[in-house]
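# Working through the structure, step by step
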Amino acid sequence: ILAYIGGEQCNLNLDKCTDDILVKNVIDDAQGIILKSKTENVKVLSVHRWKNGTPQYGIGHSKCLEDIREKELPRTKQGGIFLGGAGAGGGISLGDCAENGYAVARSVLQTIRYRNIVTTSQNKGREEELLK
């Protein structure tokens, strides 16, 4: 899980919180969203604090995503690349990341369905109709 804490709605005094308290809050929030209830032994890779606010995407990031997405759909039907995560333009909050993950999973499943339809000879030419 990649999680960001802070902003207007944060009720923690982040300057006075230890990393352990921050991690506990992230895990508690995630329990109801994406983790199985009562997940134990969560491995923390790192905690980083941006003192001057949320990390910002670099200049040209949106255009780069646009270019990738323009090429992504045809390639997912053929070869299988899927773009997801906070850097993929889905937002940086835990909820945004979960929502984006579900959207990518739906794309993967749709691609699998598409491939199954296309590989069945009696369905050739009916792809759009069958995917509805």
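As shown above, the structure is provided for reference.
Residues numbered from 1 in each chain as written. Predicted model: local features only at pLDDT ≥ 70, side-chain atom pairs only at ≥ 80, totals over all residues. Heavy atoms only, no water.

## Here we look at the overall build of the chain
- Tallying secondary structure elements over the chain gives four helices and zero strands in all.
- In the chain, the order of α-helices and β-strands from amino to carboxyl end is α-α-α-α.
- Taken over 132 residues, the chain has a buried fraction of 17%.
- Considering only contacts within the chain whose residues lie at least 6 apart along the sequence, 48% involve residues at least 24 apart.
- Here the chain has roughly 10200 Å² of accessible surface; of this, 51% comes from carbon and sulfur atoms. (Helix = DSSP H or I, 4+ residues; strand = E, 2+ residues; numbered from the N terminus. Buried < 20%, exposed > 50% of the residue type's maximum accessible area, 1.4 Å probe, protein only. Contact = heavy atoms within 4.5 Å. Areas by Shrake-Rupley, 256 points an atom, 1.4 Å probe, with all protein chains shown as cover.)

## A short note on the environment of Gly-85
- With respect to the secondary-structure elements, Gly-85 resides in the loop between helix H2 (61-78) and helix H3 (94-119).
- Residue Gly-85 is classed as partly exposed on the basis of its relative accessible area of 28%.
- Expressed as a C-alpha distance, the spacing of Gly-85 and Asp-96, which sit 11 residues apart in the sequence, is 8.8 Å.

## Remarks on the environment of Arg-69
- In this fold, Arg-69 is placed in helix H2.
- Spatially, the C-alpha atoms of Arg-69 and Leu-83 are 7.9 Å apart, while their sequence positions differ by 14 residues.
- With residues near it in sequence (within four places) discarded, Arg-69 still touches Leu-83 and Ala-88.

## Considering the pattern of salt bridges
- In total, this model carries three salt bridges according to the counting rule given.
- The shortest N-O distance in the salt bridge between Asp-28 and Lys-24 comes to 2.6 Å. Pair noted here: Asp-28 and Lys-24 are both in helix H1 (residues 19-31), with a separation of four residues, about one helical turn. (Salt bridge = Lys/Arg side-chain N within 4 Å of Asp/Glu carboxyl O.)

## Quick look at a nonpolar patch on the surface
- Together, Ile-1, Ile-33, Ile-34 and Tyr-102 make up a nonpolar patch on the protein surface, roughly 400 Å² of accessible area in all.
- Structurally, the position occupied by Ile-34 is in the loop between H1 and H2. (Patch = residues over 30% accessible without salt bridge, like charges linked within 9 Å, V, L, I, M, F, W, Y side chains within 5 Å.)

## Description of H1
- Between its first and last C-alpha atoms H1 spans 18 Å; for 13 residues at 1.5 Å apiece the expected length is 18 Å, and the two agree.
- Residues of H1 that are buried: Leu-22, Val-23, Val-26, Ile-27 and Ala-30. Within H1, the buried residues cover an arc of 130 degrees as seen down the axis, which keeps them to one side. Of the exposed residues in H1, those oriented more than 90 degrees away from the buried face are Asp-20 and Asp-29. (Expected span 1.5 Å × (residues − 1). Arc of directions from axis to C-beta.)

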